[in-house]
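Letter by letter, the chains look like this.
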Amino acid sequence: LGRRTEEEIREEHRTLSCDERNQAEFAEKIKKISEIERQLSEDLSNKEHKILELEECVSKKEETIEVLNQELTQLSEENSKLSILIENIEENKGAVTALKHQQLNQISKIHEENSILQQRCDDLERARNDLSAQMNDVLAEKQDVYKEFEAQQLARTALTDSDFTPININIKANGEQTCDVHGILCIGPGIFVLTDWDNKSLKTVDINKQSMLSVLQLEASPFDVAKLKPGILAVTLPRLKQVALIKFNSDGELGLSKSIKLKKECFGITSLDYAHIIVVNSNVEVYDLRGNCTNILVDMSYDRMKTEFKELKYVAAFGDKLLYLTDWALNSVTCLSMDKEIKSQFKFSGKNLLDHGAPLGLAVSLAGTVFIRCRKGVYLLDMDLRNGRSLASSLPRGICLSYSEWDQKVFVAFTKSNIVIAMASRPPKDLISEVQWYHGNIDRIETESRLKMIGQPFKDVSTLIEYYKTCEVSLVNATQSQCYRTSLRRFPNKFERI
């Protein structure tokens, strides 16, 4: 019984080998199960993470849905309001359509009226152009007549030195040795303002009474003087680079109003209008009364101007169209338009220069006659500077002169002398005195009488003035081809203080 057979032993060996294999396979399976469990654990962790993300996303979506629900509620309310508005619009649709048709009809009528007005404007434009052309012809004819008058005047107005009568007025103030007058200006019948360079003062004289009326002491020597507006003079003070505004009255009393500071020394001066002056420094410039340069009429930075001008000193304006300049280096007188175009130029040379000396100061009458104060005499030129005549060639030394519209006489000033003024006893007449419509200095009664001689649109001057205070009159600007209408809304009151 204790013996095993060989067969049993082999069977046992086979059983033992099978168990070893099963154990190896079992261990391998255990290992795979562990790997699977690890992967399942990782997958589970990932799934849990994704679940958390999805829950967060769901939470956000729920918030968004809540916002959308609120907006939906608001839109529903607005939709209800719009529905009500649409109902109201539908109710008023008929009225709106009727109003639209009414407006279209009005637009159609306005268009028709506009077409008629446009046609009328075209007709008026053609009429204005025709009138402008006629006015240009009339102006050209007038210029020809003026030139003819000037030629006639110049032909018969040559004066001799004996025609200038000295006026013995002693303008020396206390302690003054000599008086050097650089500027002279007539401000009233027989009343003149003088700029005394040596004594840094302005002086007014009455040539009828042959007396000095007043003296105004200044901070620096004055060079030239011009009338800016009623009661106000403008005086250049080169060394201070200033223009002084001076008050004056009919008695010749002077008083400083204010000073205008400029950037350069200024010499000659004239007025452009009540608010602007034209001064000569290295250029010719326009300034307002605040000292702002508003225009440069002669700019010496340009090569062209450097060939035309060298040493400009005095300036005079003819209205707001032309400007006259004297050049002390080139011995020339130049006519310049306000748009900076050189219209004409007259140069003293040969016998003219020998007899009269260099051209220095100048003045222009209301009729456009140009008077030149030369070093030794006076020369007269027409508006275009084409025709000239000598008025005097052997006067005492001087650099300035003035033309009095009240006296219709030329007045010259002397330098380094106490007898500072001489006048032409037989002065050239201005062209305006020759035309048929100019009646000279006559009083109101004589004016009314002459008006009555030609019949009535108006019975007297008062009626004429009252008429144009309410009724418009057409004014044609030939240079701009424009027609304006204006009326006399206001006029100078003789009782107003200036």
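In every chain, residue numbers begin from 1 and rise along the written sequence. Where local features are concerned, this predicted model is filtered to residues with pLDDT of at least 70; where side-chain atom pairs are given and counted, the filter is 80 or more; whole-chain, interface and lining totals use all residues. The side-chain values count all of the structure's non-hydrogen atoms but skip hydrogen atoms and water molecules.

## Re the overall build of the protein
Then, in step 1: The secondary structure content of the protein amounts to 5 helices and 26 strands.
Then, in step 2: Counting the 498 residues in the protein, one finds 35% classified as buried.
Then, in step 3: Sequence separation of 24 or more characterises 44% of the internal contacts of the protein that already satisfy a separation of 6 or more. Strands here mean DSSP runs of E at least two residues long; helices mean DSSP runs of H or I at least four residues long; both are numbered from the N terminus. Burial classes: relative accessible area under 20% of the type maximum marks a residue as buried, over 50% as exposed, and values in between as partly exposed (1.4 Å probe, protein chains only). We call two residues in contact whenever any of their non-hydrogen atoms come within 4.5 Å of each other.

## What to know about a nonpolar patch on the surface
Then, in step 1: For patch building, the residue pool is restricted to those with more than 30% relative accessible area and no salt bridge; the joining distance is 9 Å between like charges and 5 Å between nonpolar side chains (Val, Leu, Ile, Met, Phe, Trp, Tyr). Accessible surface is estimated by sampling points in the Shrake-Rupley manner with a 1.4 Å probe; for residues, cover comes only from the protein chains shown. Within this document, salt bridges are pairs made up of a side-chain nitrogen of Lys or Arg and a carboxyl oxygen of Asp or Glu, the two lying within 4 Å of each other. Together, Leu82, Leu85, Ile86 and Ile89 make up a nonpolar patch on the protein surface, roughly 380 Å² of accessible area in all.
Then, in step 2: The topology assignment puts Ile86 in helix α1 (residues 6–156).
Then, in step 3: Note on Ile86: relative accessible area 48%, which makes it partly exposed.

## Some points on the side chain of Asp299
Then, in step 1: Within the fold, Asp299 resides in the loop between β13 (293–298) and α2 (303–308).
Then, in step 2: Working convention for charge: Lys and Arg count positive, Asp and Glu count negative, and His plus the chain ends are omitted. No salt bridge is formed by the buried Asp299, whose closest oppositely charged neighbour, Lys264, lies at an N-O distance of 6.7 Å.
Then, in step 3: Side-chain polar atoms of Asp299 contact the side chain of Ser301, separated by 2.7 Å.
Then, in step 4: Not counting chain neighbours up to four residues away, the residues in contact with Asp299 comprise Asn283 and Met305. Think of a polar contact as two N or O atoms within 3.5 Å of one another; within protein, one of them needs to be a possible hydrogen donor and the other a possible acceptor, and neighboring residues in sequence only count if both atoms come from side chains.

## Overview of unusual backbone geometry
Then, in step 1: Positive phi, normally seen in glycine, also occurs at Lys241, with a value near 55 degrees.
Then, in step 2: Take Lys241: it is sitting in the loop between β7 (232–237) and β8 (242–248).
Then, in step 3: On the basis of relative accessibility, which here comes to 38%, the residue Lys241 falls in the partly exposed class.
Then, in step 4: In the Ramachandran plot, Leu385 falls in the positive-phi region, its phi being about 60 degrees despite a non-glycine side chain.
Then, in step 5: Along the chain, the position of Leu385 falls in the loop between β20 (378–381) and β21 (388–392).

## Observations concerning the sheet that holds strand β10 (residues 269–273)
Then, in step 1: One requirement defines pairing of two strands: DSSP has to find at least two bridges between them. An order of β10-β11-β12-β13 is seen for the 4 strands of this open sheet, with the pairing classed as antiparallel. Where the open sheet ends on each side, the last strands, each with one partner, are β10 and β13. On average, adjacent strands in this sheet sit at an angle of 25 degrees to one another, irrespective of strand direction.
Then, in step 2: For strand β11 (residues 276–280) and strand β12 (residues 284–288), the ladder comprises 5 bridges, and the chain directions are antiparallel. Looking across to β12, one finds that Ile278 is bridged to Val286. Here an axis means a line fitted to C-alpha atoms, over the contact stretch when the element is a helix, while the angle between two N-to-C directions is reported on a 0 to 180 degree scale.

## Notes on the nonpolar core
Then, in step 1: Membership of the largest hydrophobic core comes to 39 residues, with the highest contact counts inside it found for Tyr324, Ile372 and Ile421.
Then, in step 2: Not counting the four nearest positions on each side in its chain, Ile421 is found in contact with Thr165, Pro166, Ile167, Ile184, Phe192, Leu194, Val205, Ile207, Phe411 and Val412.
Then, in step 3: Residue types Ala, Val, Leu, Ile, Met, Phe, Trp, Tyr and Cys, when buried and joined through side-chain atoms within 4.5 Å, form a set referred to as a nonpolar core. Core analysis: the second largest hydrophobic core is formed by 17 residues, Ile278, Val280, Met300 and Phe309 among them.

## Quick notes on the confidence of the model for the protein
Then, in step 1: Confidence along the protein averages 82 in pLDDT terms, with 83% of residues attaining 70 or more.
Then, in step 2: Contacts from residues 153–158, a stretch scored under 50 in pLDDT, to residues over four places away or in other chains number 15 contacts.
Then, in step 3: Contacts for the low-pLDDT stretch residues 494–498, under 50 throughout, to residues beyond four places or in other chains number 3 contacts. Per-residue confidence from the predictor is given as pLDDT, running between 0 and 100.

## Regarding the environment of Met423
Then, in step 1: Residue position: Met423 is located in strand β24 (residues 419–424).
Then, in step 2: The spacing of Met423 and Leu401 is 22 residues in sequence and 9.6 Å in space, taken between C-alpha atoms.
Then, in step 3: Among residues more than four places away in sequence, those in contact with Met423 are Asp163, Phe164, Thr165, Ile167, Lys409, Val410 and Phe411.

## A closer look at the sheet that holds strand β9 (residues 254–261)
Then, in step 1: Strands sit in the order β6-β7-β8-β9 across an open sheet of 4 strands; the sheet is antiparallel. Here the strands that pair on one side only, and so sit at the sheet edges, are β6 (225–229) and β9. For this sheet, the mean angle separating the axes of adjacent strands, direction not counted, is 30 degrees.
Then, in step 2: With 6 bridges joining them, β7 and β8 adopt antiparallel strand pairing. Paired with Thr236 across the two strands is Val243, which belongs to β8.

## Overview of the packing of aromatic side chains
Then, in step 1: In this analysis, rings of Phe, Tyr and Trp, with Trp reduced to its six-membered ring, are considered paired at centre separations within 6.5 Å, and the interplanar angle assigns stacked below 30 degrees, edge-to-face beyond 60, and tilted for intermediate values. Counted according to the given criterion, the structure contains 9 aromatic pairs.
Then, in step 2: An angle of 90 degrees between the planes, with centres 6.3 Å apart, marks the rings of Trp197 and Phe223 as edge-to-face. One end of the pair, Trp197, is in the loop between β3 (191–196) and β4 (201–206); the other, Phe223, is in the loop between β5 (211–217) and β6, with 26 residues separating them in the sequence. Phe223 shares its class with Trp197; the two are buried.
Then, in step 3: Put simply, the rings of Trp197, Phe223, Phe267, Tyr314 and Trp328 touch in pairs and so form one group of aromatic residues.
Then, in step 4: The lysine or arginine in question, Lys313, covers the ring of Phe267, its NZ or CZ lying 4.7 Å from the ring centre. Any Lys NZ or Arg CZ that is within 6 Å of a ring centre and within 35 degrees of that ring's normal is treated as a charge sitting over the ring.

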